[in-house]
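Single-letter residue listing:
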Amino acid sequence: MNNFIAFRTIVGKEIRRFTRIWPQTLLPPAITTSLYFMIFGRLIGERVGNINGVSYMDYIVPGIILMSVISHSYSNVVSSFYSTKFQRHIEELLVSPVSNWVILLGYVCGGVARGLLVGVVVSGISFLFTDITVNNAGIAVAIAIMTATLFALAGFINAVFADSFDAISIIPNFILTPLSYLGGVFYSVSMLPDVWQTISLANPILYMINAFRYGIIGVTDIDIWIAFAMAGGFVLFLTILSLFLLHKGVGIKN
Amino acid sequence: MNAVLIKNLKKTYSNGFVALKGIDLDVEQGDFFALLGPNGAGKSTAIGIISSLVNKTSGSISIFEYDLKKQNAKAKSCIGLVPQEINFNQFETVKNIVLNQAGYYGIPRKKALKNTEKCLKQMSLWDKRNTVSRRLSGGMKRRVMIARALVHSPRLLILDEPTAGVDIEIRRSMWEMMEQINNQGTTIILTTHYLEEAESLCRNIAIINDGLIVEKSGMAELLTKVKKDSFVLDLAKPILVVPEIEGYEFELVDNQLLNVSVPTGKSLNPLFQQLTEKNIEVLSLKNKSNRLEQLFMDLVNE
């Protein structure tokens, strides 16, 4: 059994899916981020002034890019894998000799591909509004890939447990979006009262946004290596959990 | 060699429903095998477990001597499944559905393209290769599923009610196609509710009822066990009283339609002779049910 061919087939199918419906997958983040930059960056940002020594516009760029990566890597896998279950063509994979880890890797890579592609689109738009010089591209790219992987895995687990289309929108709407906004996209946690700073440290997205911000503009509220350790730990944990769920056939086998 | 060997297979669903109570089954390589049973008897569960869509509770399965649990990939590589319900991506083209399936089986792209073309031509779908699958007719969708199941040249093809809901013309052409595939050496397991389909295609048969195999034998051997044949007589004139003729059982459906049960092997000549004497003219005669259907009803009602 050639696992690489199976992996390439799943990833190719996933990439074709989101590029075929690009007006739904790639265009909306471009429009949304343009509005963010115009409203929060240009109109409000000029009145806010500098944060941690950089203009407000430059400060929010990394957070907005990573927020797009998070939401799109998650939503790609959750919607794709759930519709695969819903339409029952998951059975195509279950009857074939594809290993569980190949199925997982294929879907996660599809989600990462969409997350990063949206990240590139949003970055391109941000350069129309700012003239940022990237501080450390290696760190920025590494944390973006790890973040996309983590949320693609989270989307996969959501899809495994989902039994209706409502169930795939609950977590993005009620958990992911609030955590992203409270993860310091538009502000520095150092601006918060002490108690809220402490509470914010429980938000994993805060670490990833700060590490990415460090990679892009060289500014962070937390130690970036803690961010890498945290992202790596979550990726490992969610990978093991996803493989366990696939092995048991939770949500996909009768 | 056994294409399928099942030992003491049991399945209890999480809601407590016992679908399989311990079935033993063997299907010879090259066989055209019918697995029959009423709705809810456990045949779809058995097919689901063989094709890895359902987790078993206990028991063992081997496919061409590969243990389905220990040599999972090798065992799965031997199987092609045509499920009961349409289960492909309705937004994908016909060609991509079949091509993707080849990819899942690890077939290199060049060979996969060649196999896809061959299977789609065999199913008369090559002209529709670039059509999005949701635009196909019901019969074409069924043929897409067969093409998809054949793309990796499986040694065992499992057809779970493949002709359900298709018109008689397509059904006949699918029968020919199934026979052709079997003649090429592929073992076929067929589940169907059309018993004449099983009777005319299959060489061996198992009947499953209430989670147990209640009969397993050769088709010809099984049909010798049929105890009586049933016919429907279309009468020229209405009758009010059910005729009484020794050795034949009658039932009046309406005043011009008469059911008659005849012990297998008993001549029909005395029947017509005595009906004529009673001034009952028969316009036509047809089988009420085929022989397998009669036997099936007897077995599942026991």
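Numbering of residues begins from 1 in every chain and follows the order in which that chain's sequence is written. Both sets of labels track the order of writing: A upward for chains, 1 upward for ligands. The predicted nature of this model means local features are confined to residues of pLDDT at least 70 and side-chain atom pairs, given and counted, to a pLDDT of 80 or more, with totals for whole chains, interfaces and linings taken over all residues.

Quick look at the overall build of chain B
Here's step 1: Only DSSP runs of H or I covering at least 4 residues are called helices, and only runs of E covering at least 2 are called strands; the numbering of each starts at the N terminus. Counting its secondary structure elements, chain B contains 10 helices and 14 strands.
Here's step 2: With the principal axes as the frame, chain B shows a C-alpha extent of 75 × 45 × 35 Å.
Here's step 3: Taking the contacts inside chain B whose residues are at least 6 apart along the sequence as the reference set, 67% of them involve residues at least 24 apart. By the convention adopted here, residues are in contact when the distance between their C-beta atoms, placed from the backbone, does not exceed 7 Å.

Thoughts on the packing of helix α3 (residues 27–48) of chain A against helix α4 (residues 56–86) of chain A
All names here are of chain A.
Here's step 1: The geometry of α3 relative to α4 is characterised by a closest axis approach of 10 Å and an angle of 155 degrees between their N-to-C directions. If you check the angle between α3 and α4, you find them roughly antiparallel. Pair α3 / α4 crosses with right-handed handedness. Residues Pro-29, Thr-33, Tyr-36, Phe-40, Gly-41, Gly-45 and Val-48 of α3 pack against Tyr-56, Met-57, Ile-60, Ile-64, Ser-68 and His-72 of α4.
Here's step 2: Charged means Asp, Glu, Lys or Arg here, nonpolar means Ala, Val, Leu, Ile, Met, Phe, Trp, Tyr, Cys or Pro, and polar covers whatever is left, Gly included. Here the contact of α3 with α4 is composed, by residue class, of 8 nonpolar, 5 polar and no charged. Axis definition: a line fitted to C-alpha atoms, limited for helices to the stretch in contact. Angles are taken between N-to-C directions and run from 0 to 180 degrees. In these notes the angle categories are as follows: under 35 degrees is roughly parallel, over 145 is roughly antiparallel, 65 to 115 is roughly perpendicular, and the rest is oblique. Handedness of a crossing follows from how the near helix is turned relative to the far one, being left-handed for an anticlockwise turn of less than a right angle and right-handed for a clockwise one.

Some details on the interface of chain B and chain A
Here's step 1: Across the boundary between the two partners, chain B contributes 25 residues, which contact 22 residues of chain A.
Here's step 2: Every element with two or more residues in the side of chain B that touches chain A is listed here: α2 (72–77), β6 (79–82) and α3 (94–104) of chain B.
Here's step 3: Top contributing element to the side of chain B that touches chain A by residue count: α3 of chain B, with 4 residues.
Here's step 4: Classifying every residue of the side of chain B that touches chain A by side-chain character gives 11 nonpolar, 12 polar and 2 charged.

Some thoughts on the sheet that holds strand β7 (residues 156–160) of chain B
All names here are of chain B.
Here's step 1: Two strands qualify as a pair provided DSSP detects at least 2 bridges between them. Judged by pairing direction, the sheet is mixed, and its 6 strands sit side by side in the order β6-β7-β8-β3-β9-β10 without closing on themselves. Two strands in the sheet have a free side with no partner beyond their single neighbour: β6 and β10 (212–218). The sheet shows a mean angle of 15 degrees between the axes of neighbouring strands, direction not considered.
Here's step 2: In this sheet, β10 lies alongside strand β9 (residues 204–209) in antiparallel orientation, the contact comprising 6 bridges. In the sheet register, Ile-205 faces β10, and the bridge partner there is Ser-217.
Here's step 3: Helix α5 (residues 138–150) contacts β6 and β7 of the sheet and is inclined by roughly 170 degrees relative to β6.
Here's step 4: Packing against the sheet, helix α6 (residues 168–183) makes contact with β3 (32–36), β7 and β8 (187–191), and its axis sits at approximately 145 degrees to β8.

Section: the domain arrangement of chain B
All names here are of chain B.
Here's step 1: On domain assignment, one finds that chain B holds domain 1 (2–221) and domain 2 (228–301).
Here's step 2: Across the boundary between the two partners, domain 1 contributes 10 residues, which contact 6 residues of domain 2.
Here's step 3: Contributions of two or more residues to the side of domain 1 that touches domain 2 are made by α7 (195–201), β9 and β10.
Here's step 4: Ranked by the residues each element gives to the side of domain 1 that touches domain 2, the list is headed by α7, at 4 residues.
Here's step 5: Residue composition of the side of domain 1 that touches domain 2, grouped by class: 6 nonpolar, 1 polar and 3 charged. Segmentation of the chain into domains, including their bounds, is taken from an automatic or database domain assignment.

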